[in-house]
Amino acid sequence: MQQSEIVQNTLERLSRESMVHAMRIHTTVRKVLGDFFREEGFLEVPPVILSPLTDPLNHPVFDPVVTYYGKKYSLTKSMIFHKHLLVKYLGSIFTFSPNVRMETEDKKSSGRHLWEFTQIDVEKRDATREDMMRLVEKLLPHLFREVKSKNAQELRALGRDLPVPETPFPVIKYLDAESSRGEDFERILSKEAKTPFWIVDIPVMKREFYDRMNDDGSSTLADMDLIYPEGFQEALSGGEREYKPERIRERIKLKGQTEEQFSHYLSAADEGLPPSAGFGIGIERLVRYICGFTRIEDTHPFPKIPGEFSL
Ligand code: AMP
Ligand code: MG
């Protein structure tokens, strides 16, 4: 694509009325999320952009590495390890964390992936998965009510009738969902659903090493995904964390990863890490759901679409 065409496309996107509506809704979403967690006693911490330590993820992405005075840094894919270190000292934390995950171009057509996005990343010391599920069930209806009241005009212009869900949200175990609907269960169940729902107890090899293994010998994790209804799919992932050094080492080995990759985290774990639980909600996916957009790029003025060049 010619440079002039890229600039024209960007200006066209910025000038759309729907982009202005999305940004007004985005403004409400950030305010309500921030206020909610502050009122719940969470401390807002600054994001980490570059670090030798970042999320290994459970799927392949390109991995840009920056060298600074001979030391290598990755761009943050999530602040999972920083969150765990922080709650030891601060108790309950949240941050609006920009993540760079250079997704492969096959994700371009999903409507759900950007290679630069922001998540509100939340963690609480001594909390359980269930504590975090209850917190999200308090947050989402409150947020949707606030958006419906503050952004009634924008929702009307977008033709979106945003439902406020009842709580608690339905819960289905990963293996039950898979056996009832097959491999593509998340998409199918999301299409069928009228309300957000939880998928829990995800098999150990489907997620990263830091989610805590259930103690029932089932090889499932004490973790969860929240799935939006109407076909919008994953809203957030979260769970309890492994905190005992020997269990963390076992899980790194099980995933075929090396201790060297996570040496800083392991040293901190040897000093003692607390039990904790948390989750991360993708802001652009949340705004997409609220707006009822088919494509995530309509929520971002400068969207990084997988495989594409972008300003
Ligand atoms: P994860 O812990 O990897 O599930 O990421 C936390 C949340 O961030 C997900 O549940 C999504 O809401 C959001 N997210 C993850 N990857 C992307 C992406 N490539 N584009 C937009 N949002 C994403
Ligand atoms: Mg996830």
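Residues numbered from 1 in each chain as written. Chains lettered and ligands numbered in written order. Predicted model: local features only at pLDDT ≥ 70, side-chain atom pairs only at ≥ 80, totals over all residues. Heavy atoms only, no water.

## Remarks on the site of ligand 1
- For ligand 1, the set of nearby residues contains 15 residues, the closest of which are R101, E103, L114, E234 and A235.
- Separating an oxygen atom of ligand 1 from a side-chain N or O atom of R101 is a distance of 2.8 Å.
- Interatomic distance of 2.5 Å between a side-chain N/O atom of E234 and an oxygen atom of ligand 1.
- Expressed as a share of its isolated accessible area of 470 Å², the protein-covered part of ligand 1 is 90%.
- Sorting elements by how many residues they give to the shell around ligand 1 places strand 10 (residues 233-240) first, with four residues.
- Looking at the shell around ligand 1, its residues break down into five nonpolar, five polar and five charged. (Near = heavy atom within 4 Å. Polar contact = N/O pair within 3.5 Å; in protein donor to acceptor, adjacent residues only side chain to side chain. Areas by Shrake-Rupley, 256 points an atom, 1.4 Å probe, with all protein chains shown as cover. Helix = DSSP H or I, 4+ residues; strand = E, 2+ residues; numbered from the N terminus. Nonpolar A, V, L, I, M, F, W, Y, C, P; charged D, E, K, R; others polar.)

## Focus on the pattern of salt bridges
- Scanning all chains against the criterion turns up 35 salt bridges.
- Across the pair R160 and E230 runs a salt bridge, and its minimum N-O distance is 2.8 Å. Of this pair, R160 sits in the loop between helix 5 (152-158) and strand 7 (171-173) while E230 sits in the loop between strand 9 (223-228) and strand 10, and the two are 70 residues apart along the sequence.
- Residue E230 is classed as partly exposed on the basis of its relative accessible area of 36%. (Salt bridge = Lys/Arg side-chain N within 4 Å of Asp/Glu carboxyl O. Buried < 20%, exposed > 50% of the residue type's maximum accessible area, 1.4 Å probe, protein only.)

## Quick look at the coordination of the magnesium ion (ligand 2)
- Within the protein, E234 (OE) and S237 (OG) serve as the donor atoms for the magnesium ion (ligand 2), at 2.1 to 2.3 Å.
- We classify S237 as partly exposed; its relative accessible area is 28%. (Donors = N, O, S within 2.8 Å, 3.2 Å for Na, K, Ca; no water.)

## What to know about the packing of aromatic side chains
- Following the criterion strictly, the structure yields 18 aromatic pairs and no others.
- On the numbers, 4.8 Å between centres and 85° between planes, the contact of Y68 with Y69 is edge-to-face. Side by side, Y68 and Y69 carry an identical accessibility label, which is exposed.
- Arranged with centres 4.5 Å apart and planes meeting at 50°, the rings of F81 and Y265 form a pair that is tilted. With a gap of 184 residues between them, F81 in helix 3 (residues 80-90) and Y265 in helix 9 (residues 263-270) connect regions that are remote in the sequence. (Phe/Tyr/Trp six-rings, centres within 6.5 Å; stacked < 30°, edge-to-face > 60°.)

## Things to note about the sheet that holds strand 4 (residues 71-75)
- Overall, antiparallel pairing links the three strands, which are arranged 2-4-3 in an open sheet. Both outer strands of the open sheet, strand 2 (50-51) and strand 3 (65-68), are each paired with one neighbouring strand and no more.
- Where strand 3 lies against strand 4, four bridges are found, and the strand directions are antiparallel. Along strand 4, the bridge assignment pairs V66 with Y73. (Pairing = 2+ DSSP bridges.)

## Focus on the sheet that holds strand 5 (residues 92-100)
- An order of 1-5-6-11-10-9-8-7 is seen for the eight strands of this open sheet, with the pairing classed as mixed. At either end of the open sheet lies a strand with only one pairing partner, and these are strand 1 (43-44) and strand 7.
- Two elements, strand 5 and strand 6 (residues 116-125), share nine bridges in a ladder whose sense is antiparallel. When the sheet's bridge partners are listed, T95 is paired in strand 6 with D121.
- The strands touched by helix 7 (residues 185-192) are strand 7, strand 8 (197-200), strand 9 and strand 10; relative to strand 10, the strand with the most contacts, the crossing angle is about 115°.
- The sheet strands contacting helix 10 (residues 283-291) are strand 5, strand 6, strand 9, strand 10 and strand 11 (276-282), and the helix crosses strand 11 at an angle near 55°. (Contact = heavy atoms within 4.5 Å. Axes fitted to C-alpha atoms, helices over the stretch in contact; angles between N-to-C directions.)

## Regarding a nonpolar patch on the surface
- On the surface, V7, L11, L14, F302, F309 and L311 cluster together into a nonpolar patch covering about 560 Å² of accessible area.
- Its location among the elements puts L311 in the segment after helix 10. (Patch = residues over 30% accessible without salt bridge, like charges linked within 9 Å, V, L, I, M, F, W, Y side chains within 5 Å.)

## Some words on the nonpolar core
- If you look at the biggest cluster of nonpolar residues, it comprises 43 residues, and the most contacted ones within it are F37, L143, F279, L286 and I290.
- In this structure L143 touches V29, V32, L33, L286 and I290, once residues within four positions along its chain are discounted.
- Of all hydrophobic cores here, the second largest spans twelve residues; its members include F81, I252, Y265 and L266. (Core = buried A, V, L, I, M, F, W, Y, C linked by side-chain atoms within 4.5 Å.)

## Concerning the packing of helix 2 (residues 17-39) against helix 10
- Their axes nearest at 10 Å, the elements helix 2 and helix 10 cross at an angle of 120°. Taken together, the axes of helix 2 and helix 10 are oblique relative to one another. Judged by the sense of rotation from one axis to the other, the crossing of helix 2 with helix 10 is right-handed. For the pair helix 2 and helix 10, the contacting residues are A22, I25, H26, V29 and L33 in the first and I283, L286, V287, I290 and C291 in the second.
- Looking at the contact of helix 2 with helix 10 residue by residue, the class counts come to nine nonpolar, one polar and no charged. (Parallel < 35°, antiparallel > 145°, perpendicular 65-115°, else oblique. Left-handed = near helix turned anticlockwise from the far one by under 90°.)

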